[in-house]
Amino acid sequence: MAESLAINKPPYFDGDNYQNWKMRMELFLGAQGDNVLDIVQKGIQTSTAEGATQRNISTDRKAKHYIISGLSNTQVDKVYELSLIHISEPTRPRLISYA
């Protein structure tokens, strides 16, 4: 894992030593304020308070940006592939070619 020493940059993950990266990323996200780490761990909580749900969506986007910014291109490609599988889950059988 390549080291990112800047305090304002997320830790870098290149596919090695996931547990170390995870610990560093949790610390980094926790230091960003706006409940960024809570959003990552618990997901977006809807609220009856005016504007609270929109703030949670904004915080979720911020968290995704931090995480993706800390990944190597290879890892970003893997995340993208997994997100496509998740998004297309109901139609996935039609995407598989048996030819």
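Read on for an overview of the structure. Values in this document were obtained by computation on a predicted structure and should not be read as measured data.

1. Focus: the side chain of threonine 59
Note on placement: threonine 59 falls in helix 3 (residues 52–69). A relative accessible area of 8% places threonine 59 in the buried class. Those residues in contact with threonine 59 that sit more than four places away from it in its chain are Asp34, Asn35, Val36 and Ile39.

2. Regarding the pattern of salt bridges
A pair can form between side chains of opposite charge whenever their charged atoms are brought close. The tally for this structure, following the rule as stated, stands at 1 salt bridge. Here aspartate 60 makes a salt bridge to lysine 64, at a shortest N to O gap of 3.2 Å. One end of the pair is aspartate 60 and the other is lysine 64, both in helix 3 and 4 residues apart, which spans about a single turn.

Cut-offs applied
- Residues numbered from 1 in each chain as written.
- Predicted model: local features only at pLDDT ≥ 70, side-chain atom pairs only at ≥ 80, totals over all residues.
- Heavy atoms only, no water.
- Helix = DSSP H or I, 4+ residues; strand = E, 2+ residues; numbered from the N terminus.
- Buried < 20%, exposed > 50% of the residue type's maximum accessible area, 1.4 Å probe, protein only.
- Contact = heavy atoms within 4.5 Å.
- Salt bridge = Lys/Arg side-chain N within 4 Å of Asp/Glu carboxyl O.

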